Amino acid sequence: MDRLNFQAIEKKWQSTFKTEKLYNKKSAKKFYCLEMFPYPSGKIHMGHVRNYTIGDVIARFKFMNGYNVLHPMGWDAFGLPAENAAKENNLHPKEWTKKNISEMKRQLKLMGLSIDWDLEVSTCDEKYYKHQQEIFIDFYNKGFVKRKENYVNWDPKEQTVLANEQVVNGRGWRSGAVVERKKLSQWFFDITKFSEDLLQGLDELKNWPEKVKIMQKNWIGKSTGCEIKFNIDGVNQNINVFTTRPDTIFGASFLAVSVDHPICKNFANDESYNKFKNECLKVGTTEEALANAEKIGFNTKLFATHPFIKGKKLPVYVANFILMDYGTGAIFGCPAHDQRDLDFAKKYKLEIKEVVSDNPSKPKNFDKLLEAYVGDGKMINSDFLNGLNVEQAKSKIIKEIEKLKLGEKKITFRLKDWGISRQRYWGCPIPMIHLEDGSIVPVDKSELPIKLPEDIDLNQSGNPLESHKSWKNTFHKKTGKPAIRETDTLDTFVDSSWYFLRFCSPEIKSEPFDIKKVNYWMPVDQYIGGIEHAILHLLYSRFFMRALKKNNNEIKTNEPFKGLFTQGMVCHETYKDKNGKWLNPSEVEKNSNGKFFKISDKSEVKVGPSESMSKSKKNVIDPENMIKSYGADAVRWFILSDSPPEKDIQWSNQGVNAAYNFLQKIYNLCNIVNKKVSNKNSFDKDFDLKINSYVNKITKSINNFNLNVVVANVYEIYNLFNDHLEKDISDKCLKLNLIKLMKILIPFTPHIAYECLEMLGEKEIKNWPKIDNSLILKEKIKLAIQINGKTRDIIEIEKGIDQITIEKLCKKNNKIKDKILNKSISRIIFVQNRIINFIIKK
RNA sequence: GCCCUCGUGGUGAAAUUGGUAGACACAAAGGACUUAAAAUCCUUGCCCUUUUGGGAGUGCCAGUUCGAGUCUGGCCGAGGGCACCA
């Protein structure tokens, strides 16, 4: 038996991958296959292996099917870890990043990916961020950039500002430090200008997971309602309320405002109010914290005038469940038809009036009911709205409100502007300067790039750019007057919002991208990455594409990513020693009883549930070690088998070992078939038919991302070969079909596939095996024979046989004939190529 | 609390979209080969029956249907998202 020497094979074929690319330049069909580029953290992890293997399968498959394929890779190279590493190791962020990039690039090459490295882009490269600065200035000139003084989320550990989206449960999403509120002048992208368009655009994205679209939709959070102005007795102030249920206005029994509402300034010196405010702050602002929190309010003793019910006064409360940054920070409460309002009204013994009913003849007693009624129904107790349904009532009351100039129809979005300022060094400098008169202007484009200074001191706290005097102090080109550079750098999400455009023409120096090439390659046909980017990165990129298009109407693309696939995580069991310390799988061994123990001292190990690989739990497997032990093809093969790509996968050494064994078997099979001589051919037709059927199935499966099913089908093909080796089948037939199998394997396990094809003497290795549709028609199918819906036999027949012929077959069938002959058959259900079902009266 | 997704053998999972449930693989048990081990190959895998065969069965309970893992309603459980969104 020839041993598979995967090291030699992989080295041999990787040298050809260097120059071989996936371009079919004459092809009319293009395919842009993109995987989310990695952050150069130092080494690749299994998540990368899974992501890039899936991408490589798609890219190679599309190429073999005649597409002109763009398959680039780059580095999301700015970001805080570089600064942290610099402090720890006394290594400049640039050096640290460069080192990591070259290491990870070397590792990625070991995987045998079909990446065109000539297109490599790194966001920390001034050749890249120069253009980002240009884009920033364009956006500024278009009015898409704003400067706002605002409360920001200040991460005390990272000494930087976080976007709202980057705060998780009141903590920094990276550092985990408790976020403080701080007021700073910040740069913002006006993403809210595009709220409606970003929402509408989701409908076009047919090849996106429904889940991601729903998440984005909820994030944008459009709600239609109206604003209503309430006069407040005794003070010279109004309260403007936003509601999505103006139809329930006649059921209003109170007003509630946020603790941050301007009207609360009246109580700034009120001791009991301040006590209440502190109570509210204690609960926090996260949904989780508030979910179980009791609804509490502060009675202002103020009264608002009901706009439609003469003489009716509504008490005004400050309530902990009203947020200032949504709507107007004030609501009217209609307890019968809103759960929170009902809870609140019960606590403070406020009126509860039913105004919408699904059964008007039976009034409900909400004092006793626990749940508010939020469904549709007929309006009652509502003056001129009575008898209408909810939708009709809404439009009628809005018209009335507008007529009386009490307010107007309004659409509110939940989406907030994107804060892009970061007070840190390792990011793209914002190309703005502050003049002595206080104005802030862009630098002249001819001065770009504004390079990051390299001589910085990272050991002091805060932003090193702030203290770099020679960099900070500059001149205004137009007037020659002294100026100070903006020391904030851009959020790294900006870097990744347009890298896919740069990949289309990374060589171009004069502009961010060559529009002709962008218009050819864009949109990305298949984008592949983790679900963790479902909202932020994808939404920001969608915003960028729109803003760029507004800036340059030659750009044709609106949506950057036509197809999106989000792969699941790679998981592994977790291990703890007797002291509760996490252990790496390499420190643990399984004995013959199936128990785990620590290798170093033979002590017993507690096995925890399988969780996504993370450094903190030490349940990580190093991809390079795996590649060294089993080969890149086995690692790729295993990570694609077992679980559907969108679901989490359990890494197991048994699994990768099985993959390795299978590839050895494939290699042996090629050796055997290659040497075999046989002219007997009685099984040839049947064999051709079956292989053709598999090629057809597999082609469909790849297009549907059912890659685990492809793996299973390949095992079946192998078993089929094994079964037929000793049968009367010609060596020619075996060889031709084996070549087909090897071609199928190219996208999955490219090294061994090419090696075997070379062994078999196949020269034509660029095309996917052809599917013969005439053979598909001749395929045999299995038809189930049922009696009263229960399967009694399965027969193998040719496709397309009609009912009468099948009935005849059944009457001759030993297992069936006794059950149907001389019985009163009341009905026969026949589905061609599937089943025949005899219904027999008892 | 709201939104989304998902419940199939010991395990990871298939199932032509309403038509053979458990393909394929891992693990296990038994066997073959071998002096032995490794490797390889074969068999088994719920209940009844000696076999042929029959029955139950896709979280639970109903329903629709000739036929339900798939559709409908109601429970139960797990995972994910969330900014109380008025």
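Above this text you will find the structure in question.
I will try to describe carefully the structure that is included in this document. Residue positions are given per chain, counted from 1 along the sequence in the order it is written. Lettering of chains starts at A and numbering of ligands starts at 1, both following the order in which they are written. Only residues with pLDDT of at least 70 are given local features in this predicted model, and only at 80 or more are side-chain atom pairs given and counted; all residues enter the totals for whole chains, interfaces and linings. Calculated side-chain values reflect all of the structure's heavy atoms, with hydrogen atoms and water omitted.

Let us look at empty space enclosed by the protein. With a 1 Å grid spanning the protein atoms alone, the term cavity applies to any set of points in which a 1.4 Å probe fits but cannot get out, the term pocket to an open set with protein on both sides within 12 Å along at least five of seven lines, and the term lining residue to any residue with an atom within 4 Å of a point. Grid points are joined across faces, edges and corners, and a volume is the space filled by probe spheres set on the points. Using the criterion set out here, one finds two cavities of 30 Å³ or more in the structure. If you add up the space inside the largest cavity, you get close to 130 Å³. Lining of the largest cavity is provided by Phe17, Glu20, Lys21, Leu22, Arg60, Phe63, Met64, Ser114, Ile746, Tyr754, Ile765 and Lys766. Counted as a void, the second largest cavity has a volume near 60 Å³.

Turning next to the packing of helix α5 (residues 126-142) against helix α16 (residues 536-551). Here α5 crosses α16 at 70 degrees, and the two axes come no closer than 10 Å. With respect to α16, the axis of α5 lies roughly perpendicular. When the axes of α5 and α16 are compared, the crossing they make is left-handed. On the side of α5, the interface is formed by Ile135, Asp138, Phe139 and Lys142, while α16 contributes Phe543, Phe544, Ala547, Leu548, Lys550 and Asn551. Note on geometry: axes are C-alpha line fits, over the in-contact stretch for helices, and angles between N-to-C directions span 0 to 180 degrees. Helix and strand assignments follow DSSP, with helices taken as H or I runs no shorter than four residues and strands as E runs no shorter than two, numbered in order from the N terminus. Working rule for angles: under 35 degrees goes down as roughly parallel, over 145 as roughly antiparallel, 65 to 115 as roughly perpendicular, anything else as oblique. In this scheme the handedness of a crossing depends on how the near helix is turned from the far one: anticlockwise by less than a right angle means left-handed, clockwise means right-handed. Pairs of residues are marked as contacts when any of their non-hydrogen atoms sit within 4.5 Å.

We now examine the sheet that holds strand β23 (residues 473-475). Spatial ordering of the open sheet is given by β22-β21-β24-β23, a layout of four strands whose pairing is antiparallel. The open sheet has two edge strands with one neighbour each: β22 (440-442) and β23. Neighbour-to-neighbour, the strand axes of this sheet turn through a mean angle of 45 degrees, independent of strand direction. One bridge is not enough; two strands pair if DSSP finds at least two bridges between them. In this structure, strand β21 (residues 432-435) lies alongside strand β24 (residues 482-485), joined through three bridges in antiparallel fashion. Of the residues in β24, the one forming a bridge with His434 is Ile484. Sitting on the sheet, α5 is in contact with β21 and β22, with an inclination near 125 degrees to β22.

Another point: the sheet that holds strand β37 (residues 835-840). In spatial order, the strands read β35-β34-β37-β36; together these four strands make up an open sheet with mixed pairing. The open sheet has two edge strands, β35 (790-798) and β36 (825-831), and neither has a second partner. If you compare each strand with its neighbour and ignore which way they point, the axes differ by 15 degrees on average. Running at roughly 65 degrees to β37, helix α25 (residues 803-812) makes contact with β34 (780-787), β35, β36 and β37 of the sheet.

A ring pair, where both rings are aromatic, is described by two values, the distance of the centres and the angle of the planes. Centres within 6.5 Å are what make two rings of Phe, Tyr or Trp a pair, Trp counting through its six-membered ring; a difference in plane orientation under 30 degrees is then read as stacked, over 60 as edge-to-face, and the rest as tilted. Tallying each qualifying case throughout the model produces 57 aromatic pairs. Relative to Phe189, the ring of Phe136 lies with its centre 6.1 Å away and its plane at 45 degrees, an arrangement referred to as tilted. Here Phe136 is found in helix α5, whereas its partner Phe189 is found in strand β9 (residues 180-189), with 53 residues between them in sequence. A 1.4 Å probe rolled over the protein chains alone gives each residue an accessible area, and that area as a share of the maximum for its type sets the label: buried under 20%, exposed over 50%, partly exposed in between. Judged by its relative accessible area of 1%, Phe136 is buried. Taking the centre distance of 5.5 Å and the plane angle of 70 degrees together, the rings of Tyr499 and Phe503 count as edge-to-face. The exposure class of Phe503 is buried, given its relative accessible area of 1%.

The quantities given are spatial measurements derived from coordinates; they are silent on function.
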